[in-house]
Amino acid sequence: MSDHDGCVSGHCITCGDEATPMTVLRVDEARGLALCAADEDGGHHTVEIALVAPTGPGDRLLVHAGTAIASLQEASA
Amino acid sequence: MKFVDEFRDAELGRVVANEILASVEPGRHYKFMEVCGGHTHSIYKYGVDDLLPANIELVHGPGCPVCVIPMGRVDDGIALAHEPGVIFTCFGDMMRVPGSNGSLLEAKAAGADVRMVYSPLDALRIAKQNPDREVIFFAIGFETTAPSTALTLKRARAEEVSNFSCMCSHVTIVPPLRALLESPDLRLDGFIGPGHVSTVVGARPFEFIPADYGKPVVVAGFEPLDILQAVLMILRQLADGRCLVENQYKRVVPYEGNLKALEVMSEVFELRPHFEWRGLGFISHSGLKLSEAYADLDAERRFRVPGVPVADPKACQCGEVLKGVIKPWECKVFGTACTPERPIGTCMVSSEGACAAYYNYGRFAREREVV
């Protein structure tokens, strides 16, 4: 699938229902954005965090199309 | 990797598979629909179906957002991309979806400024970098993606980015499921519910399926063990005579959903009276458009779009595949005239599409070998 535009790790991270786990590296409170590292490949992404605020470095987020849609809670794993 | 490795454990997978084998009723044929294209992709990537008994059939539902976009809507996007001064942005897979006269990728080759983005935020950034151009974002996807579009539109409004607009083709998951359940040519025993749509909307919206149609639903995650466990949970409901919505994906999905996401969606979007789905036709209240409060950011109001419905190619049987009536390999053009490199139908375009999943993981066999 690597020949598909926009697809990494065997599937399209933007179009499908599937979201991607990421770890927060840094938070820009003023702009409501966070710099996150994707678990799958370590790539860095700017992520909208309005739906999961407050969040901070080290937190694990589920990210879809550049927006964190859920926090991954250790206790509920 | 936390939350991932433990759900890919092969030994645990075999244990659950044995429990599934012990739970099936001999002689009974089970048909479960996985609603989400992400599940379809995982099932074939990890060979989950090879761990299931032969009398459990997985039917692939309409949950790939690329696959359900009709040709006329692609034509509308191409028409906007050809408007003078426009930069047209969309997700990668959408660029390859054929319209009645080519794809957005072909429009780009013909001179239109079409750019792939990974998120609506990327599209907004392009608008800020190009203040003398009109930047349109082609928004597709279910409730998983819609909050991202909504937040970006709010951000565009707050940052006064006036050259940004959105062609909204977001869809909602419940109406097509209801349409499928009303379809006389489809017999199902249960549903594997969409994991990440449910992160946003919660599990509650699926309660109509057991209540009105008597079918169990288990909302599931995307790792192989998630899917196997969901199958087992459906089987146990059937064996116990129970019928309800269960949440296998509790580590991510709150039963009530993400209330902040639902709030921002209700502010930015409103339901269209009807929306055309590929293969399923027009379904009432199944698509989203921008609300009156955000009408100035609506590309369909800012520009003229043709809005002409186009019939699917006769050779293509995406409609039957999307409804789970036929398997991808039963389509006349599967793997011959229609391949991921030269797709005729949308199900072959996106990696979440059932046809692409079958093709890419070599599922051409008509009989399943169970291990």
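Rules of the game
- Residues numbered from 1 in each chain as written.
- Chains lettered and ligands numbered in written order.
- Predicted model: local features only at pLDDT ≥ 70, side-chain atom pairs only at ≥ 80, totals over all residues.
- Helix = DSSP H or I, 4+ residues; strand = E, 2+ residues; numbered from the N terminus.
- Buried ≥ 20, exposed ≤ 12 C-beta atoms within 10 Å, placed from the backbone.
- Contact = placed C-beta atoms within 7 Å.
- Core = buried A, V, L, I, M, F, W, Y, C linked by C-beta atoms within 7 Å.
- Pairing = 2+ DSSP bridges.
- Axes fitted to C-alpha atoms, helices over the stretch in contact; angles between N-to-C directions.
- Parallel < 35°, antiparallel > 145°, perpendicular 65-115°, else oblique.
- Left-handed = near helix turned anticlockwise from the far one by under 90°.
- Nonpolar A, V, L, I, M, F, W, Y, C, P; charged D, E, K, R; others polar.

A. Seen up close, the overall build of chain A. Looking only at helices and strands, chain A has zero helices and seven strands in total. Secondary structure of chain A in N-to-C order comes out as β-β-β-β-β-β-β. Counting only residues that meet the buried cut, chain A has 47% of its 77 residues in that class. Of all intrachain contacts in chain A linking residues separated by at least 6 positions in sequence, the fraction that spans at least 24 positions is 29%.

B. Molecular detail of the nonpolar core. One finds Leu61 of chain A together with Phe88 and Val231 of chain B to be the most contacted residues of the largest nonpolar core, which totals 136 residues. Considering every element that reaches this core, the biggest residue donor is helix 10 (residues 224-240) of chain B, with nine residues. Residues in contact with Phe88 of chain B, not counting those within four places in the same chain, are Gly77, Leu80, Ala81, Ala112, Asp113, Val114, Ile136 and Phe138 of chain B.

C. The sheet that holds strand 8 (residues 217-219) of chain B, seen in detail. All names here are of chain B. Strands sit in the order 2-1-7-8-9 across an open sheet of five strands; the sheet is parallel. Whereas interior strands pair on both sides, the edge strands pair on one side only; in this sheet they are strand 2 (56-63) and strand 9 (245-247). Neighbour-to-neighbour, the strand axes of this sheet turn through a mean angle of 20°, independent of strand direction. Of the strand pairs in this sheet, strand 1 (residues 30-36) and strand 2 are connected by six bridges, and their pairing is parallel. Directly across from Lys31, in strand 2, lies its bridge partner Glu57. Against the sheet, helix 2 (residues 37-46) makes contact with strand 1, strand 2 and strand 7 (190-193), and its axis sits at roughly 120° relative to strand 1, the strand it touches most. Where helix 10 meets the sheet, its contacts fall on strand 1, strand 2, strand 7, strand 8 and strand 9, and the angle it forms with strand 7 comes to roughly 150°.

D. Main features of the packing of helix 1 (residues 10-23) of chain B against helix 10 of chain B. Residue and element names in this part refer to chain B. Contact pair helix 1 / helix 10: the axes reach a minimum separation of 10 Å and the direction vectors enclose 20°. Taken together, helix 1 and helix 10 sit at an angle that is classed as roughly parallel. By crossing handedness, the relation of helix 1 to helix 10 is classed as left-handed. The segment helix 1 lies against helix 10, with Leu12, Gly13, Val16, Ala17, Glu19, Ile20 and Ser23 engaging Pro224, Leu225, Leu228, Gln229, Val231, Leu232, Leu235, Arg236 and Ala239. In terms of residue class, the contact of helix 1 with helix 10 is made up of 11 nonpolar, three polar and two charged.

Keep in mind these values describe shape, not function.
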